[in-house]
Amino acid sequence: MHIGLIGLGKMGNNMRERLRANGVEVTGYDRNPDVTDVASLTDLVEALPSPHIIWVMVPSGAITDSVITELAEVLVAGDIIIDGGNSFWKDDIRHGAMLKAKGISFVDVGTSGGVWGLERGYAMMIGGEKATVDYLDPIFSCMAPGAGTVPKTPHREGRDPRPENGYLHAGPCGAGHFVKMIHNGIEYGLMQAFAEGFDILKNANSPELPAEHRFDLNVPDIAESWRRGSVVSSWLLDLAAAGLAEDNNLESYSGFVQDSGEGRWTIEVAIAEAVPADVLSAALYARFRSRQTHTFAEKMLSAMRKGFGGHVEPKNVELKK
């Protein structure tokens, strides 16, 4: 297959490489002349066979809106647009309806894998019409991590095999980003749990404690040992252990932790559904607090975010008083 890819940043460029390595021809477009294959969106469309398949990998919100609107003017009936960014699921429904009126198919793909996707593959949560998603399956299967060495889950016989390879058709337009939104909300909670736990370990020798109750613990070694056989072992723990091994006290991190939107959207949906989300809400508020005061826990969060997504703390940020 031959597709167009718009947005060749941290994830997009790696996606282009992974697809090419797996036999998918990719023509990329980016405003950065050092990485782009073509000079304009029009050139991109002209370089592709019909039906034109274009994967959009740009920041969510106004930029995604602008790109999809521009594409809608140059594509024709039968073409396909894939939004693989972190778009809001209600925006997907709006985009899908607008494009359907023009005969253009729209697929939303919640994409997880961060800067490690080239090597590890991308977990994908896909929304769209079944026929279109099935047609695009060769692309998704190349992008996905594959079954790897993860043990099979019992009692899955006869079920859709795609989830076992790290991707799934979640439902109609919007469902992909909805599932990815909840995924990221859960991620906030998991990260916060690790961060708070390591903060308690770090402060086990606090002078506020009786001398006989203090422990001077090797936190990097604890993280490393937990990676192997522990019930809390995970990729996030791997990233935490790596961050601690590199910088024992995380002195290179300020602890300013940004939130990228999905955590807020998750809480908004929880409120709309009247579903209690105590942990996820608290994790979001902890990120807000990190912009006022910084603890070791916030530094731990920042280290994990840098590990999986290459997120760098903003420089010279003045803390709220």
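In what follows, the accompanying structure is described. These figures come from a predicted structure and were not determined experimentally.

Section: the overall build of the chain
Within the chain, the secondary structure is distributed over 13 helices and 7 strands. Taken against the 2.2 N^0.38 rule, which gives 20 Å for 321 residues, the C-alpha radius of gyration of the chain at 22 Å falls within 12% of a compact globule. Structurally, the chain occupies a C-alpha span of about 75 × 50 × 45 Å along its principal axes. Looking at the 321 residues of the chain, the share that counts as buried comes to 46%. Contacts in the chain between residues far apart in sequence, at least 24 positions, make up 69% of those at least 6 positions apart. When the accessible surface of the chain is totalled, it reaches about 16200 Å², and 55% of it is carbon and sulfur. Computed over 30 positive and 42 negative side-chain charges, the separation of the two mean positions in the chain equals 2 Å.

Re the nonpolar core
Trp55, Met124 and Phe140 are the most contacted members of the largest nonpolar core, which totals 26 residues. Contributing elements (two or more residues each) for this core: strand E1 (2-6), helix H1 (10-21), strand E3 (53-56), strand E4 (80-83), strand E5 (105-112), strand E6 (123-127) and helix H7 (137-143). In terms of residue count, H7 provides more of this core than any other element does, 4 residues in total. When residues no more than four places from it in sequence are discounted, the contact partners of Phe140 are Trp55, Val107, Val109, Met124, Ile126, Val133 and Tyr167. Grouped together as the second largest cluster of nonpolar side chains are 24 residues, Met191, Val219, Leu239 and Val257 included.

Quick word on the packing of helix H11 (residues 262-273) against helix H12 (residues 278-289)
Following both chains from N to C, one finds H11 and H12 inclined at 140 degrees, their axes separated by 10 Å at the closest point. Here H11 lies oblique to H12, going by the angle between them. Two packed elements cross with a definite hand, and for H11 against H12 that hand is left-handed. Of the residues in H12, those in contact with Gly263, Arg264, Thr266 and Ile267 of H11 are Leu280, Ser281, Leu284 and Phe288.

Topic: the sheet that holds E6
Spatially, the 7 strands line up as an open sheet ordered E2-E1-E3-E4-E5-E6-E7, and their pairing is mixed. Each of the sheet's edge strands pairs with one partner strand only, and the pair in question is strand E2 (25-29) and strand E7 (167-171). For this sheet, the mean inter-axis angle between neighbouring strands, taken without regard to orientation, is 25 degrees. With 5 bridges connecting them, E5 and E6 associate as antiparallel partners. By the bridge assignment for E6, Val109 is matched with Ile126. Packing of helix H8 (residues 175-202) onto the sheet brings it into contact with E4, E5, E6 and E7, and relative to E5 it is tilted by some 15 degrees.

A closer look at the pattern of salt bridges
Scanning the entire structure with this criterion turns up 14 salt bridges. Note that Asp160 is salt-bridged to Arg162, the shortest N-O span being 2.8 Å. The salt bridge partner of Arg228 is Glu224, with a shortest N-O separation of 2.5 Å. On the accessibility criterion, Glu224 (28% relative accessible area) is partly exposed. Overlapping salt bridges, with partners in common, bring together Lys130, Asp134, Asp160 and Arg162 in one network.

Examining the pairing of E5
Here E5 lies mainly inside the structure; 7 of its 8 residues are buried. Bridge analysis of E4 against E5 gives 4 bridges, and the strand direction is parallel. By the bridge assignment, Ile82 is partnered in E5 with Val107. Running through helix H4 (residues 89-100), the crossover from E4 to the neighbouring parallel element E5 is right-handed.

Thresholds applied
- Residues numbered from 1 in each chain as written.
- Predicted model: local features only at pLDDT ≥ 70, side-chain atom pairs only at ≥ 80, totals over all residues.
- Heavy atoms only, no water.
- Helix = DSSP H or I, 4+ residues; strand = E, 2+ residues; numbered from the N terminus.
- Rg over C-alpha atoms; globule rule 2.2 N^0.38 Å.
- Buried < 20%, exposed > 50% of the residue type's maximum accessible area, 1.4 Å probe, protein only.
- Contact = heavy atoms within 4.5 Å.
- Areas by Shrake-Rupley, 256 points an atom, 1.4 Å probe, with all protein chains shown as cover.
- Lys, Arg positive; Asp, Glu negative; His and termini not counted.
- Charge placed at Lys NZ, Arg CZ, Asp CG, Glu CD.
- Core = buried A, V, L, I, M, F, W, Y, C linked by side-chain atoms within 4.5 Å.
- Axes fitted to C-alpha atoms, helices over the stretch in contact; angles between N-to-C directions.
- Parallel < 35°, antiparallel > 145°, perpendicular 65-115°, else oblique.
- Left-handed = near helix turned anticlockwise from the far one by under 90°.
- Pairing = 2+ DSSP bridges.
- Salt bridge = Lys/Arg side-chain N within 4 Å of Asp/Glu carboxyl O.
- Right-handed = clockwise from strand over helix to strand, strands pointing away.

Geometric values such as these leave the question of function open.
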